[in-house]
Amino acid sequence: MKENVASATVFTLLLFLNTCLLNGQLPPGKPEIFKCRSPNKETFTCWWKPGTDGGLPTNYSLTYHREGETLMHECPDYITGGPNSCHFGKQYTSMWRTYIMMVNATNQMGSSFSDELYVDVTYIVQPDPPLELAVEVKQPEDRKPYLWIKWSPPTLIDLKTGWFTLLYEIRLKPEKAAEWEIHFAGQQTEFKILSLHPGQKYLVQVRCKPDHGYWSAWSPATFIQIPSDFTMNDTTVWISVAVLSAVICLIIVWAVALKGYSMVTCIFPPVPGPKIKGFDAHLLEKGKSEELLSALGCQDFPPTSDYEDLLVEYLEVDDSEDQHLMSVHSKEHPSQGMKPTYLDPDTDSGRGSCDSPSLLSEKCEEPQTNPSTFYDPEVIEKPENPETTHTWDPQCISMEGKIPYFHAGGSKCSTWPLPQPSQHNPRSSYHNITDVCELAVGPAGAPATLLDEAGKDALKSSQTIKSGEEGKATQQREVESFHSETDQDTPWLLPQEKTPFGSAKPLDYVEIHKVNKDGALSLLPKQRENSGQPKKPGTPENNKEYAKVSGVMDNNILVLVSDPHAKNMACFEESAKEGPPSLEQNQAEKALANFPATPSKCRLQLGGLDYLDPACFTHSFH
Amino acid sequence: MNIKGSPWKGSLLLLLVSNLLLSHYIHNLSSEMFSEFDKRYTHGRGFITKAINSCHTSSLATPEDKEQAQQINQKDFLSLIVSILRSWNEPLYHLVTEVRGMQEAPEAILSKAVEIEEQTKRLLEGMELIVSQVHPETKENEIYPVWSGLSSLQMADEESRLSAYYNLLHCLRRDSHKIDNYLKLLKCRIIHNNNC
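As a convention, each chain's residues are numbered from 1 in the sequence order in which they are written. Chains and ligands are labelled by the order in which they are written, letters from A for the one and numbers from 1 for the other. Totals for whole chains, interfaces and linings use all residues, but because this is a predicted model, local features are given only for residues with pLDDT of at least 70 and pairs of side-chain atoms are given and counted only at 80 or more. Think of the side-chain values as coming from all heavy atoms in the structure, minus any hydrogens and water.

## Looking at the overall build of chain B
To be explicit about the condition: Strands are runs of DSSP state E lasting at least two residues, helices are runs of H or I lasting at least four, and both sets are numbered from the N terminus onward. Type-normalised accessible area, obtained with a 1.4 Å probe on protein chains alone, sets the label of each residue: buried when under 20%, exposed when over 50%, and partly exposed for intermediate values. We call two residues in contact when some of their heavy atoms are within 4.5 Å. Areas reported here follow the Shrake-Rupley algorithm with a probe of radius 1.4 Å; residue values treat only the protein chains shown as occluding.
Across its full length, chain B holds eight helices and zero strands. Along its sequence from the N terminus, chain B presents helices and strands in the succession α-α-α-α-α-α-α-α. Buried positions account for 52% of the 196 residues belonging to chain B. Residue pairs in contact within chain B that sit at least 24 positions apart in sequence constitute 83% of those at least 6 positions apart. When the accessible area of chain B is evaluated, it comes to approximately 9,500 Å², of which 51% is carbon and sulfur surface.

Here's what the structure looks like:
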C-alpha cells in the first residue's frame, strides 16, 4: 500500500516535469537595453532586446533612478516608442544628469534583470531627418542656371530659442553614378548647385545633426530631371573660343612646319653682325691690308712696331663718326667696342665711368682702339692659346690678374674683356690682337696699331697698376717700349733703355699730347730733358701735328706722318717676328719682366687717370 | 532686437557671439579628451558607476531643461555661467599640472587639457566683461563651487587615481556642454529675440 502511494507520487511528479519540459517553459532570458535616443533634447526613448521568453508570456518593466536621487521610478510610457521600448516625456527628461535604468523580464517561471545602463541625455541626441525636401531647376534669364534645393527642419525641434542647433548636409548624384556629391550646408535650409550635367536625372537627399550629437538618417530621395539646355552660355562661348584658338594654333604650327626656316628667319631675323663702313671681311682674310685699310679710309697705315714700342701713354683714338667699330670678340656686340677718345684726360667720352680713357685706371679698362684696329671676328677666333677664352669678361672688374681688353659685347663697360687670370692670358689677348693685326696687315707686320699696342700696354700697365710698384715697373716698360725708328723729327717718346726688341735706335722722345678727332696724334717733343738726345733738327716746334700713321713697315714698324709736313715718320720697331703667337707672348713677358720701377714722379695723376710722362724715363736711360 | 537704452551695444553682441564660439570649441575638445582617456585607460571597467554625483558643480542650481532655462532671467543666467567658469579655473590648472607630471604623459590628452585651460580663461574673461557692462551692479565676489579633487588625482592606488581622472574629465565634458548650450540660448534670446 505504501509502496503504491510513493510510486504514484513519483510518477505524477515525473509526468508533471515531463509536461513542463516538453512545453519549453523557462524563466525569461536576460533582456538588454541596447539603444536610447533623444531627437530634440526634450524627450528620449530607450529600446531593449528581450532575452529568450521561456515559452511563456513575459512582462517587461523598466525601472530607473537618476543621479542625485534615490527614488526608483518606473518607465512612464511603454507605448509611444513601440514594443520593448520606454519613452520619457518632457517632464521626465533632464539634461546633464545620468539615468540609471534596467529592464526586468518576468514570466510564470521566473524573472530576470538586465544590466544597469547609465544614460545621459546630453550624449544620445540624434534628430530625425529633415522634411519637405524640394528640388527645382532654376534658369534665370541673365544669370547662370542652377539647382535650387530647399528643406525644412524636422518637427519637434526647438530652434527658435536656441535650445537646439541644427546643421545640415545634402548629397546628390546622377541616377546611375556610383559616388555621391556631398555638400555641407551649415545652419541654412536651402542650397544652390551650379555644376550639373545636363540631360541627367539626379537624386537629392538631405540630413541633419545637432551641434553636438549624431547625424540623422538621410531623407528619402527626391528625383529631378536636368533639362538638356542646362549648360551656360558662358561655357558654350568658352568652348568655342578654345576650339577656335586650337585651330588657329594648329594652322600656325602647320605653316611654320611647311615654311620652316624661312619663316623663323622672318619672325626672328638674325642679329646683324657688326659692320664697319667700307670694311670688307674678305680683304681682311686675304691679308691685303692696304686695300682693306684704304677702303676704310686710312692712308698708309704703317705697321706698328712691337707693342712695347708703342706709346707710353694710353691712347684713345676716338672716331666719333664711325660707330661701327667692332669688338674683337664678338660679332654680336658691334658698336660698343673701341671708341677712340681724346687722350685728354679731362675729356670724358661721356660714356660713363667705364669709359674712362685710361688703361691705367684701376676700375675699368677700356682701351678704346682707334678705328684702325679692325678685327675680323673670324680671325679673332683663331688664337692658338688654349688659355684664351673668348668669353671675355665684359664687366668692369678690378684688374687683379686680369687685363681688360676689349669689352666683349654689350656690357655696360667698354672694357677690354678680361681673360681668366693667368699670366698668359694677357699675352694671349695680345696675341689675339696682334694676330688679327698681322693677318690684316700681312707679313708686313701686324698692324699692331697704336691702340692695339696701346691696348696691350694698357693691359700691362693696368696690370702693373694693380700691383703698385710692379705697376710702375710695367709702366716703365711700357714707356720704354716705344721705339722710334725714326731718325727724323718725329719725337716719339721712347724711353728705350733696354728694350728687348732688337734694334734700338737713338730716338727722339716725344710726349703725346693728345689725339685729336681725326686720329692725329698731337705730340710734344721733349726738348727740355732730352737735351742729350739726338734730335731732329726739324722739330723745334712744340706741337706738331702728326696726322696719321702712314703705314706699317717691316712688320710692326709704324710709320707716322705728320699732316702739314708729311715727312716725319716715326717708325716703331718691333722685335723680329717669328711666329706671332708665341713671340707675342714672349715679348710681352719680356716686356713685363724688364720694367724697372717707374719713378713716382713720372706718374701724373690726371683726373684719375695715370699718365706717365715719358720724359721721365729718359732719365733712367741716360 | 535691442530696446533703446539697452546696454547691449554692437560690440557686446559681437563679444557674446565670440564667446559662444569659444564655448563650442571648448566642449568639442573636452569631449574628445574624455573619449581618448576612456578608450585608453578605463573602457568597459565600470568607472561610470563611480562618477555618479562626483561633479563639484552639482551644488549649483543650474537649469536642466528648456523650460527651466526659459524661466531664468538674463542676469542670473550670466552670473551662473560666470560661476561655473570660475569654478573650473583650479581643476583645469591641476589637471594640466598633474597630467604633465605623469610618466609617459599622454600627449594628446595633455595638449587638449592645456588648450582647454587657456580657452576657458579667455571665455571667463569675456563673460566677466559682458557682465560688467550689462550688469555692472553685480557683485564681484560671487560664490562659486570649490573643487577639492586634487588629492584624489595624486593617489597612489591606480584604480583610485584613474577614477579621479575619469570623474574630472566626465564632469568637464558635461559642464562645458552646459555652458555652450546656455550661451546659445542667450544668443537667441538677446540677439534674435527668441527667433533664431
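## Focus: the overall build of chain A
The helix and strand tally for chain A stands at 11 helices and 22 strands. Classification of the 622 residues of chain A by burial places 52% in the buried group. The contacts in chain A between residues at least 6 apart in sequence include a share of 63% that link residues at least 24 apart. Carbon and sulfur atoms provide 56% of the accessible area of chain A, an area that totals close to 28,300 Å².

## Digging into helix α5 (residues 89-101) of chain B
Residues and elements named next belong to chain B. For clarity, the cut-off: The span you would expect from a helix comes to 1.5 Å times its residue count less one.
The end-to-end C-alpha separation of α5 is 19 Å, in line with the 18 Å expected for 13 residues at 1.5 Å each. Among the residues of α5, those classed as buried are Pro91, Leu92, His94, Leu95, Val96, Glu98 and Val99. Among the structural elements, α1 (10-42), α4 (74-87), α6 (107-134), α7 (150-153) and α8 (158-190) are those in contact with the buried residues of α5.

## Thoughts on the UniProt feature "binding site: Zn(2+)" (unreviewed entry) in chain B
What counts here: UniProt positions are given in the numbering used here, feature names are shortened, and annotations may be inferred rather than shown by experiment. Throughout this description, a polar contact denotes any pair of N or O atoms lying within 3.5 Å of each other; where both atoms belong to protein, one of them has to be capable of donating a hydrogen while the other can accept it, and for residues adjacent in sequence the pair is counted only when both atoms sit in side chains.
Look at the UniProt record and you will see "binding site: Zn(2+)" (unreviewed entry) annotated at B:His24 and B:Asp180. Taken along the chain, the residues just named run across 157 residues; in space they keep tight, none of their C-alpha pairs more than 5.6 Å apart. If you trace the backbone, B:His24 turns up in helix α1. Owing to a relative accessible area of 23%, B:His24 belongs among the partly exposed residues under this scheme. By secondary structure assignment, the location of B:Asp180 is in helix α8. According to the relative accessible area criterion, B:Asp180 is buried, its value standing at 0%. If we ignore the near neighbours within four places in the chain, the residues touching B:Asp180 are A:Asp211, A:His212, B:Leu20, B:Ser23 and B:His24. Within the local environment of B:Asp180, its side chain forms a polar contact with the side chain of B:Ser23, the two groups lying 2.9 Å apart.

## Overview of the packing of α1(B) against α8(B)
All names here are of chain B. Stated formally: Lines fitted to the C-alpha atoms define the axes, with helices restricted to the stretch that makes contact. Angles between their N-to-C directions range from 0 to 180 degrees. Every angle not falling under 35 degrees, over 145, or within 65 to 115 is termed oblique; those three ranges are roughly parallel, roughly antiparallel and roughly perpendicular. For a crossing to be left-handed, the near helix must be turned anticlockwise from the far one by less than a right angle; the clockwise case is right-handed. Under the convention adopted here, Pro, Cys and the residues Ala, Val, Leu, Ile, Met, Phe, Trp and Tyr are nonpolar, Asp, Glu, Lys and Arg are charged, and Gly plus all remaining residues are polar.
Taken N-terminus to C-terminus, the directions of α1 and α8 make an angle of 155°; their axes are 8 Å apart at the nearest point. Considering the angle they form, α1 stands roughly antiparallel to α8. For the pair α1 and α8, the sense of crossing is left-handed. By residue class, the composition of the contact of α1 with α8 is 17 nonpolar, 10 polar and five charged.

## What to know about the interface of chain A and chain B
Applied cut-off: Buried area is a sum: the accessible area each of two parts loses on coming together, probed at 1.4 Å, counted once for each and added. Salt bridge criterion: a side-chain nitrogen from Lys or Arg within 4 Å of a carboxyl oxygen from Asp or Glu.
Chain A puts 25 residues into the contact, and the matching count from chain B is 30 residues. Summed over both partners, the interface of chain A with chain B comes to about 2,500 Å²; 51% of that surface belongs to carbon and sulfur atoms. Of all residues in chain A, A:Trp96, A:Tyr123 and A:His212 give up the largest surface area on contact with chain B, accounting jointly for 31% of the area buried on that side. Connecting chain A to chain B are six salt bridges. B:Lys184 is the salt-bridge partner of A:Asp211, the closest N and O atoms lying 2.7 Å from each other. Here chain A is connected to chain B by 19 residue pairs in polar contact (both at pLDDT 80 or more). For the side of chain A that touches chain B, the elements supplying multiple residues, two or more each, are β6 (98-107) and β8 (117-120) of chain A. Across the side of chain A that touches chain B, the residue classes break down as seven nonpolar, nine polar and nine charged.

## Examining the pairing of strand β3 (residues 58-66) of chain A
The side chains of a regular strand alternate, residue by residue, between the two faces of the sheet. Residue and element names in this part refer to chain A. Rules: Strands were regarded as paired on the criterion that DSSP finds at least two bridges between them.
With seven of its nine residues buried, β3 lies for the most part within the structure. Here nine bridges tie β3 to β6, and the two strands are oriented antiparallel to one another. Its bridge partner lying in β6, Asn59 is registered against Thr106. In terms of strand pairing, β3 meets strand β4 (residues 73-74) through two bridges, oriented antiparallel. Across the sheet, Tyr64 pairs through a bridge with His73, a residue of β4. Here β3 folds back onto β4 in antiparallel fashion, the turn holding six residues, of which Gly68 has a positive phi close to 90°.

## With respect to the confidence of the model for chain B
Residues and elements named next belong to chain B. For clarity, the threshold we go by: pLDDT gives the predictor's per-residue confidence on a scale running from 0 to 100.
Per-residue confidence for chain B averages 92 on the pLDDT scale, and 97% of its residues sit at or above 70. Within chain B, α7 has the poorest average pLDDT of any element, 92, and α8 the best, 96. For this predicted complex, the interface score ipTM comes out at 0.95, alongside a pTM of 0.54.

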